[in-house]
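Structural description and commentary
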Amino acid sequence: MQALRELDANYMSGPDNPWIPFTPLSEQIFLKYWKVDPVRAEMIVSMKIPAGLELGTHYHTGIVVAHTVSGAWRYKESDWVARAGDTLYEVAGSSHAPESFEDSEIFFVMVGELLFLDSDNRILWQENHKSSLERYLNYCAENGLPARDLTSWGA
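Calculation rules
- Residues numbered from 1 in each chain as written.
- Predicted model: local features only at pLDDT ≥ 70, side-chain atom pairs only at ≥ 80, totals over all residues.
- Heavy atoms only, no water.
- UniProt positions renumbered as here; feature names shortened; annotations may be inferred.
- Helix = DSSP H or I, 4+ residues; strand = E, 2+ residues; numbered from the N terminus.
- Pairing = 2+ DSSP bridges.
- Buried < 20%, exposed > 50% of the residue type's maximum accessible area, 1.4 Å probe, protein only.

**Re the UniProt feature "domain: ChrR-like cupin" (unreviewed entry) in the chain**
- The UniProt entry lists residues 17-113 under the feature "domain: ChrR-like cupin" (unreviewed entry), expressed in the numbering used here.
- Here residues 17-113 runs as 0% helix and 58% strand, with 23 Å between its end C-alpha atoms.

**Digging into the sheet that holds strand 12 (residues 114-117)**
- The strand order 9-4-12-13 describes an open sheet built from 4 strands, whose pairing is antiparallel. For this open sheet the edge positions go to strand 9 (95-96) and strand 13 (123-127), each flanked by a neighbour on one side alone.
- Where strand 4 (residues 58-60) meets strand 12, 3 bridges bridge the pair, whose relative direction is antiparallel. Among the inter-strand pairings, Tyr59 is bridged to a residue of strand 12, identified as Leu115.

**A few points about the pairing of strand 8 (residues 87-90)**
- Here strand 8 shows one buried face, formed by Leu88 and Glu90, and one open face, formed by Thr87 and Tyr89.
- One ladder, built from 4 bridges, connects strand 5 (residues 64-70) with strand 8; its direction is antiparallel. Each residue of the ladder has a partner; that of Val64, found in strand 8, is Glu90.

So this is what it looks like as structure tokens:
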């Protein structure tokens, strides 16, 4: 019975979870990884984007749910601006370029890959569970931080 209770809730302390630069794509954007599921290709991550930043066009192979915690941002192709408390659901196969108007924090649940594209729609970078885990583990090792097992629901 104890094992079942452990899976009921998986508490993670925000202050104990580091903000990590979104390298090699940007030294100005920071990520906080909550969970990375290699079986379902799912990532749960928070993102901090400074005001005035444009992130290149990317294509989603799976769905994305984005909840704006603070700030204001949008996709350049859209006429809306997401503000604190707003939630966006993106279908698989969508493509867009985010831009921030204020320092923003966004909480994401993503499935699949983000394919970052150049102006000719050639793939510049593939962001997925493998690249996310590698970034997290490298950052923790380089900064002497204990790394959590992001792939387990019991840790």
